[in-house]
Every structure is written in C-alpha cells, then in structure tokens.
Amino acid sequence: MKKILYLTITLLMFASSASALSITLENNSYDVGGIDDLMAYKALSNSGNEEIEWLQGLIGADFTMEVYDTTSAMWIQTKEDVNAYAIDFRDTQPEYFFIKVGDGNTGSEIDHFLYSNLETPDWGVISIAGIDEIWGVTTSTMNDGRISHVGEINPTAPVPEPATMLLLGAGLLGLAGFRRKVIK
C-alpha cells in the first residue's frame, strides 16, 4: 500500500498542467498559466459610470479597480498558441480583469470584456480565437492599438455595520464576565 501511495505522490509531483502557456520576455521564459475565463462582454457607450455599473452587476460585490491605458508592447503572444496573449499583473494579482477595445466607438459594437483571472494571478491571459468574431480581432489587430485600457479588479470585504460591531462587543464582554465569574 505504501508503494502505491509513494508512486502516486511521485507522479503528481511531475504532473503539469496541459494548458500551460509560456512567453519569452527579455530573454527569460515565463509560465503564464492557461487562458482565463471570459465571463461576460457588452457594448457600452462610455468607460465611466456605465462601465462601473456593468462590472458591479456582474461581480456583485464592492471592489477596487485600477485602470490603465495599454500599449501593444504590454500584450505578449504566447509560444504555444498564436491566438493567446498575456499581460503582466505581477504587482496586483487581480481576481478579475476587463479589457476595453476600440477607439471611442458609439456603443454599437461589443467593446468590454470581463475575465476571471484563474490559474496564474500574476498574468492575465486571453485568447482571441473565441472572440475574434465578436470584435473582429486578428493577431495583427492585437498590436495596432485597438485595446484602449485594462482594468484590474479585486473584490473588497464589506465594512461591518455598527450593529454587528455592537453585537460582537457585547459577546466579548459577556465572555470576559463569564471568565471572571469562573475564576472567582
């Protein structure tokens, strides 16, 4: 029985993800994980409040968001899949991220895409193979500046209500009083 257990553990140690993708950046190779899940997409007329409301409706929790303009140099094509591109999130490791595509359209085409950042939070990985019909993206389009900006999203813990804090305080006082009574 021990031999089977050791063999299983050894095999699991050498097992790797079949969907692992990698990139080369500055002569170094990085494992960027697999392609992140496309959760939703929508045509929005602007990137302000409408964008935040759309994300709030999808995520269903309060969140912090960092939005920044991207350049084509930030998106790196993976070695294994010509349709997969990665972006570096090493500083923030967001739970979700979204991409705004286009150059100021009027909301007539799909331009916002929300992803769940799954396997490797250091990297956001998208595939244009599934969405090329939606927004007409090809491999060359990824490098021509059509991606307007990226938003990194991390849900935040809700702030406790005053009543909840009062209840917690009363409970702690009760425990302290009970302990004092038991010690006497």
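Refer to the structure presented above.
A brief structural summary. The structure displayed is predicted, hence computed values, not measured ones. (Residues numbered from 1 in each chain as written. Predicted model: local features only at pLDDT ≥ 70, side-chain atom pairs only at ≥ 80, totals over all residues. Heavy atoms only, no water.)

With respect to the packing of aromatic side chains
This structure, assessed with the given rule, holds 4 aromatic pairs. Here the aromatic rings of Tyr41 and Phe113 are separated by 6.0 Å at their centres, their planes lie at 35 degrees, and the arrangement is tilted. Here Phe113 lies in strand β8 (residues 112–116) and Tyr41 lies in strand β3 (residues 37–42), a separation of 72 residues in the sequence. Taken together, a centroid distance of 5.1 Å and an interplanar angle of 10 degrees make the contact between Phe97 and Tyr115 stacked. Of this pair, Phe97 sits in strand β7 (residues 96–101) while Tyr115 sits in strand β8, and the two are 18 residues apart along the sequence. Residues Phe97 and Tyr115 agree in their burial class; the two are buried. One aromatic cluster in this structure is built from Phe89, Phe97 and Tyr115. (Phe/Tyr/Trp six-rings, centres within 6.5 Å; stacked < 30°, edge-to-face > 60°. Helix = DSSP H or I, 4+ residues; strand = E, 2+ residues; numbered from the N terminus. Buried < 20%, exposed > 50% of the residue type's maximum accessible area, 1.4 Å probe, protein only.)

Observations regarding the nonpolar core
One finds Trp75, Ile99, Ile126 and Val150 to be the most contacted residues of the largest nonpolar core, which totals 14 residues. Elements that contribute at least two residues to this core include exactly β6 (84–88), β7, β8 and β10 (147–155). Looking at this core element by element, the count peaks at 3 residues for β7. Excluding residues that lie within four positions of it along the chain, Ile99 makes contacts with Trp75, Asp111, His112, Phe113, Tyr115, Ile126, Ile147, His149 and Val150. One finds Ala40, Tyr96, Phe98 and Ile153 within the second-largest nonpolar core, a separate group that totals 10 residues. (Core = buried A, V, L, I, M, F, W, Y, C linked by side-chain atoms within 4.5 Å. Contact = heavy atoms within 4.5 Å.)

Concerning the side chain of Thr78
Examined against the element boundaries, Thr78 turns out to sit in the loop between β5 (76–77) and β6. Accessibility expressed as a relative area gives 5% for Thr78, which makes it buried. Separated by 2.8 Å, the side chain of Thr78 and the backbone oxygen of Asp81 make a polar contact. With near-sequence residues (within four places) excluded, Thr78 lies in contact with Leu21, Ser22, Ile23, Val32 and Ala84. (Polar contact = N/O pair within 3.5 Å; in protein donor to acceptor, adjacent residues only side chain to side chain.)

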